[in-house]
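An overview of the molecular structure
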Amino acid sequence: MQAKPAHILLIRFSAMGDVAMAVPVIKELLINYPSLTVTVVSNKHFAAFFTGIERLNFFGADLKADHKGINGLFRLYRQLNKLHAITAVADLHNVLRSKILAGFFRIGGLRVMTINKGRKEKRELVRKEQKNFRRLKTTHQRYADVMYRLGYSFVLKNKVNHEISTDISVNVKAFLEGCKEKKICIAPFAKHKEKMYPLEKMQNVVEMIASENYSIILIGGGNAEKELLDKWEKKMPAVFSAAGQFSLQEEMQIISNCELMISMDSANMHIAAMLGVPVLSVWGATHPYTGFMGYSLDRGSAVQIDLSCRPCSVFGNKPCWRGDHACMLGISEALILETVEKLLPIS
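Read on for a plain summary of the structure. Keep in mind it's a predicted model, so treat the numbers as computed, not measured.

Each value, and the rule that gives it
- Residues numbered from 1 in each chain as written.
- Predicted model: local features only at pLDDT ≥ 70, side-chain atom pairs only at ≥ 80, totals over all residues.
- Heavy atoms only, no water.
- Pairing = 2+ DSSP bridges.
- Helix = DSSP H or I, 4+ residues; strand = E, 2+ residues; numbered from the N terminus.
- Contact = heavy atoms within 4.5 Å.
- Axes fitted to C-alpha atoms, helices over the stretch in contact; angles between N-to-C directions.
- 1 Å grid on protein atoms, 1.4 Å probe; cavity = no way out; pocket = protein on both sides within 12 Å on 5 of 7 lines; lining within 4 Å.
- Points joined across faces, edges and corners; volume = space filled by probe spheres on them.
- Nonpolar A, V, L, I, M, F, W, Y, C, P; charged D, E, K, R; others polar.
- Phe/Tyr/Trp six-rings, centres within 6.5 Å; stacked < 30°, edge-to-face > 60°.
- Buried < 20%, exposed > 50% of the residue type's maximum accessible area, 1.4 Å probe, protein only.

Concerning the sheet that holds strand β9 (residues 260–264)
- Read from one edge to the other, the open sheet built from 6 strands follows the order β8-β7-β6-β9-β10-β11, with strand pairing classed as parallel. Only two strands of the sheet have a single partner each, and these edge strands are β8 (239–241) and β11 (302–303).
- Both strand β6 (residues 183–187) and β9 contribute to a ladder of 4 bridges, which runs parallel. Of the residues in β9, the one forming a bridge with Ile184 is Leu260.
- Here helix α10 (residues 267–274) sits on the sheet in contact with β6, β9 and β10 (279–282), set at roughly 155° to β9.

Thoughts on the sheet that holds strand β2 (residues 37–43)
- Here we have 5 strands laid out as an open sheet, ordered β3-β2-β1-β4-β5, and parallel in their pairing. A single partner strand is all that each edge strand has here, and the edge strands are β3 (56–61) and β5 (111–114). Mean inter-strand twist for the sheet, computed between neighbouring axes without regard to direction, equals 20°.
- When strand β1 (residues 7–11) meets strand β4 (residues 88–91), the two strands line up parallel, connected through 4 bridges. What sits directly across from Ile11, in β4, is Asp91.
- Along the sheet, helix α1 (residues 16–32) contacts β1, β2 and β3; its crossing angle with β2, the most-contacted strand, is approximately 175°.

What to know about the layout of surface pockets
- Looking at the largest pocket, its volume works out to about 1400 Å³.
- The wall of the largest pocket is formed by 44 residues, among which Ala15, Met16, Gly17, Asp18 and Lys191 lie closest to the centre.
- When grouped by side-chain class, the residues that make up the lining of the largest pocket number 17 nonpolar, 14 polar and 13 charged.
- Of the pockets and cavities examined, the second largest pocket occupies roughly 970 Å³.
- Taken together, 29 residues line the second largest pocket, and the ones lying closest to its centre are Lys27, Thr51, Glu163, Met274 and Leu275.
- At the level of secondary structure, the elements contributing two or more residues to the lining of the second largest pocket comprise α1 and α9 (248–256).
- A per-element tally of the lining of the second largest pocket places α1 first, with 6 residues.
- Split into classes, the residues belonging to the lining of the second largest pocket amount to 13 nonpolar, 8 polar and 8 charged.

Quick word on the packing of aromatic side chains
- Evaluation of the coordinates by the stated rule reveals 12 aromatic pairs.
- Geometrically, the ring pair formed by Phe49 and Phe50 is edge-to-face, given 6.5 Å between the ring centres and 70° between the ring planes. Summarising the burial analysis for this pair, Phe49 and Phe50 share the class buried.
- A ring pair is formed by Phe175 and Phe246, whose centres lie 5.3 Å apart and whose planes are at 70°; its orientation type is edge-to-face. Separated by 71 residues along the polypeptide, Phe175 in helix α6 (residues 170–177) and Phe246 in the loop between β8 and α9 bring together distant segments of the chain.
- Residue class for Phe246 comes out buried when judged on its relative accessible area of 14%.
- Taken together, Phe46, Phe49, Phe50 and Phe58 form an aromatic cluster joined through their ring pairs.

So, in C-alpha cells, the structure goes:
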C-alpha cells in the first residue's frame, strides 16, 4: 500500500518578527524533504511572508473574530482539516491558543510536537542578580528542533542569498525611481522604548549617511511614526519615507532593493534577514544571546555596548532598572557609522 503523503501543519500566530523567523527554517525543511508539504497557520496579515514558496500553503487565522476563543479555534481546526490532509502538527508558538488548536489535532490522532522556548534559561540570562550570561540556542534552531522530533532532521545553513526583487508593484516602482541606485533602509522604531535607539541620535545617523552616495528609505507604521518620518524626509535631501504608503508585501519589495537595513531588535531585522539583505541591528535592553538575532546575520553587525545589567529583558518590555537607558544612550552615532562602513562603504 502506498504511504500517505506527509503534510505538516505549522502553528505560529504571532508576533510578526517571530513569524518571519520561521520562513528560512521552513525553506530549509522543504529543500531537505522534497516530498513534504507544509501548511502554515498564522495571523492573516502575514501571508506575504509565505508567497511563492513551493509546497507551502498559508491559512490566515482571524483570532479577533472568526477564530476567537475555544469555539473559534475549533472552527479553525475543522477548516484546516477540511482543506488539507494533515499528517503531523508542529506548534512553534507554545501559547494557550496554539496548544488548544494543536490539542484538537492530537485528539484526532495526529502526532504533535511543541517548541521548547527555553524560558528558564532566558530568565536566568536577564535576571538582575547572578545573571547567567551565555549564548542561548537560536529561535531558528528551536523551530528546527520541533521538526527533528517529528522525524525531519536537517542542518540550518544560516545562509540566505540577497536576490533583488524585480516583481514589484507599480507604486513601489514609482517610489524607487525617485531614489538613487544605492539605497539604505532604516527602521528606527520598535514596539518597546527599551529597544529603541533615541530618535534624536538616529536622526543624526540618517543625516550623516544621507550626505553620502546613498538614498535613505525610512520604514515605519502608524500615524505618529509616519508624521515623524515625513518630517525627516522634508528636512533632509536623499531621504524618502515609505511609512504608511505600502502593504507588507510592497515593503518587502522595497527592503529587497536595498543594500543594507539598519534596524532595532525588531520585526524589520527579521524581514530583511529573511530576504537576505545585510542588517545592522542596534541592541539595548535585549541581547543577541537570547536567540533572537536575525537569520544568517553576523554577530559583528550587532551594535551594542557591554553593561553588567544587559540584558535586562527578553523582549524589551520591562522598564530600565537603572532608570537612565544607558544601554542605548551610550551607543554613539559614530559607532553606528563605523559599523555601517564595515558592512557597506558609504564614502
